[in-house]
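# Notes for the structure review
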Amino acid sequence: MEQPILDVSDLCVSYGKVEALHHVSIKVCPGQIVTVIGPNGAGKTTLLGAVMGLLPHTRGRVEFLGTAQRDIEVERMVAAGAGLVPEKRELFGEMSVEDNLLLGAFMRRRMGFRDERETMEQVYATFPRLGERRGQRASTLSGGERQMLAVGRALMGKPKLLLLDEPSLGLAPLIVREIFHIVAALKKTGVAVLLVEQNARAALQIADYGYVLETGEIALEGPSDDLEDDPRVIESYLGLGGKH
Amino acid sequence: MDLQIALLLGQDGIVNGAVYALLALALVLVFAVTRVIFIPQGEFVAFGALTLASFQAGKTPGTLWLLIGMGVAVAAIDSFSAWQSRRPRRILQVVGWNLAYPLLVGAAIRYGAPQEWPLALQVLFAMAVVVPLGPMIYRLAYQPLAEASVLVLLIVSVAIHMALVGLGLLFFGAEGSRTTPFSDASFQLGDLMVNGQSLWVVAASAALIVVLYVFFERTLYGKALRATAINRTGARLMGISTTMAGKLSFLLAVGIGALSGILIAPITTVYYDTGFLIGLKGFVGAIVGGMASYPVAAAGAVLVGLLESFSSFWASAFKEVIVFTMIIPVLVWRSLTTHHVEEDE
């Protein structure tokens, strides 16, 4: 097997005395879409937060691009090529769409790259709606446009690994389809994706590999085609009828 | 009161108001980015003015020793943590900025006879000594508490204010100083006599406000600071570190404070503790802007300046009382018009 781009092993995270993640191990290989599905409160957001360095972990290791990250720092993860699209989007509401995107390239600019205009045109090509609204304040965008901006802003950093936290949350089905379509297309550009989703059906459809996270532990894992046919997954997450 | 007196008071109010406006902007900036209410702001006004005065009196300013001392502390702490995380290049950077830089500035001052330097160079060196204290104080006092509540940060600010006032007395003594004016020119404007230094203060303040505007609207780092103020988590995810933003905002705030002190030193006698009252008046302006709006804060600060100057004519014994009482109606008005925002986003 190829060297994984992200290799998380035995990760534990606690909030005070409450353990939110319990010996979690996941892998993402280059060019793969890996999804983590599971119910609300299973620890999915915590997992992304710990991988990105927003939260400290109590044990385990996170290896990104072959280097172990001791005391993970967000800035260093961003510099190394990880981009997180958080569940709450965390946009800069009072700033324009264009400035939001520009700040997405902050770390690349600091590292001496000057290609942000080019990348921005690519983002506008991917999300034409953002191009139309480039001068508008981010806070005036609709829910779907905000999600597009959050993804576009992460893409401005030219990530090697994109971490998506519930991109479908609170969006109309049509927009969800559009976003997932774009995520699937990203794969062709060589970006690896770690997709955390409650919408298991949509997630498994575009993913190569999946994990089921329940109460802080990996309950199941496997290629997403297998998971889609797994009776436990069908019963708990896909509802009657499965994928057919 | 005739027109001439009114014009004179108005001029006085605008000159003072311009300085208060600068300080108000710095306070809003620091609060927005770091949630710190930067009470020691005023001390840097005094430090800037008195450091320049020391140069002109042919003395080595005590602030230089503070710079070197804090530099040593920051260099020790930061190189230790860089060594622990095995980042040798970072150690070089830390030592360069916190040890080599203060020593170089110190050597230039000790052996360069600043008394004979042209005024511009003296001003430059006064800034070079005082301004780096901002990021250093952020590193030593606030960075370890970056996640603390606004109240804890306020208590730290009060403590630093006390410490710096004490150090100011130690460095500069109890007597006040004045510096040589930037220009001796004065103009007759209708009935009004305008002196050159007042024009300097107003022009420099206006220019600085324009520079700040351009910085925040047009440059990447300015936008990064605004982004941190709007959404800290979002900014961190872009790789904008909270520490970097904090240090940068302290650098700007202390720079503004020191420059304000340098601007007013030729027109008012500055004592080691003069800065506090000046800073508080900037704070009143910042409150008018709700600690959030830059233009309203600046306008509020100019209003404070005018109010102060006119009340010194009518009720000079009560001028401070009148200025600070202005906070009460402003607070009432703000609490009626704005809805409460939770502290932790």
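Everything below is about the structure printed above this text.
In this report, we go over the structure that sits alongside the text.

How each quantity is defined
Residues numbered from 1 in each chain as written. Chains lettered and ligands numbered in written order. Predicted model: local features only at pLDDT ≥ 70, side-chain atom pairs only at ≥ 80, totals over all residues. Helix = DSSP H or I, 4+ residues; strand = E, 2+ residues; numbered from the N terminus. Contact = placed C-beta atoms within 7 Å. Core = buried A, V, L, I, M, F, W, Y, C linked by C-beta atoms within 7 Å. Buried ≥ 20, exposed ≤ 12 C-beta atoms within 10 Å, placed from the backbone. Pairing = 2+ DSSP bridges. Expected span 1.5 Å × (residues − 1). Axes fitted to C-alpha atoms, helices over the stretch in contact; angles between N-to-C directions.

Moving on, we come to the overall build of chain B. Within chain B one finds 15 helices and 2 strands. For chain B, the spread of C-alpha atoms along the three principal axes comes to 70 × 55 × 35 Å. Long-range contacts, defined here as pairs at least 24 residues apart, represent 76% of the contacts in chain B between residues at least 6 apart.

Looking now at the nonpolar core. Counting residues in hydrophobic clusters, the biggest one holds 166 residues, and the most contacted among them are Leu163(A) and Ala24(B). Ranked by residues supplied to this core, first place goes to helix α1 (residues 3-34) of chain B with 16 residues. Dropping the residues within four chain positions of it, Ala24(B) is found in contact with Gly282(B), Gly285(B), Ala286(B), Gly289(B), Ala297(B), Ala298(B), Gly300(B) and Ala301(B).

The next point concerns the pairing of strand β1 (residues 6-15) of chain A. As a general feature of sheets, a regular strand has side chains that alternate between the two faces. Residues and elements named next belong to chain A. In this structure, β1 lies alongside strand β2 (residues 18-28), joined through 7 bridges in antiparallel fashion. What sits directly across from Leu 6, in β2, is Val 28. Where β1 folds back on β2, the antiparallel hairpin that results is connected by 2 residues, among which Gly 16 adopts a positive phi of roughly 60°. The sheet contact formed by β1 and strand β4 (residues 59-64) spans 5 bridges and is antiparallel. Looking across to β4, one finds that Asp 7 is bridged to Glu 63.

Turning next to the sheet that holds β1(A). Residues and elements named next belong to chain A. Across the sheet, which stays open at both edges, the 4 strands sit in the order β2-β1-β4-β5 with antiparallel pairing between neighbours. In this open sheet, the two edge strands, each paired with only one partner strand, are β2 and β5 (67-68). Inspection of the sheet shows β4 paired to β5 by 2 bridges, in the antiparallel sense. Looking at β5, one finds that Glu 63 is bridged to Ala 68.

Residues and elements named next belong to chain A. If you check helix α7 (residues 143-155), its first and last C-alpha atoms are 18 Å apart, about what 13 residues at 1.5 Å a residue would give, namely 18 Å. The element α7 is largely enclosed, with a buried count of 11 among its 13 residues. Within the sequence span of α7, burial applies to Glu 145, Arg 146, Gln 147, Met 148, Leu 149, Ala 150, Val 151, Gly 152, Arg 153, Ala 154 and Leu 155. Where α7 is buried, its residues touch β6 (82-85), α3 (97-104), α5 (116-126), α6 (128-132), β7 (161-165) and α8 (173-188).

Turning our attention to the sheet that holds strand β9 (residues 209-214) of chain A. Residue and element names in this part refer to chain A. Across the sheet, which stays open at both edges, the 6 strands sit in the order β6-β7-β8-β3-β9-β10 with mixed pairing between neighbours. On the outer flanks of this sheet lie β6 and β10 (217-223), each paired with one strand and no other. On average, adjacent strands in this sheet sit at an angle of 15° to one another, irrespective of strand direction. For β6 and β7, the ladder comprises 4 bridges, and the chain directions are parallel. Looking at β7, one finds that Ala 82 is bridged to Leu 161. Together, β6 and β7 form the strand contacts of α7, whose direction differs from that of β6 by roughly 170°.

All right, on to the interface of chain A and chain B then. Taken together, the contact between chain A and chain B spans 21 residues of the former and 16 residues of the latter. Of all the secondary structure elements, the ones that give two or more residues to the side of chain A that touches chain B are α2 (74-80), α3 and α4 (106-110) of chain A.

Moving on, we get to the environment of Phe310(B). Residue and element names in this part refer to chain B. Positionally, Phe 310 belongs in helix α13 (residues 294-314). Owing to 19 C-beta atoms within 10 Å, Phe 310 belongs among the partly exposed residues under this scheme. For Phe 310 and Val 296, which are 14 residues apart along the polypeptide, the C-alpha to C-alpha distance reads 21 Å. Aside from chain neighbours lying at most four places away, what touches Phe 310 is Leu 9 and Gly 13.

Honestly, it's all geometry; don't read function into it.
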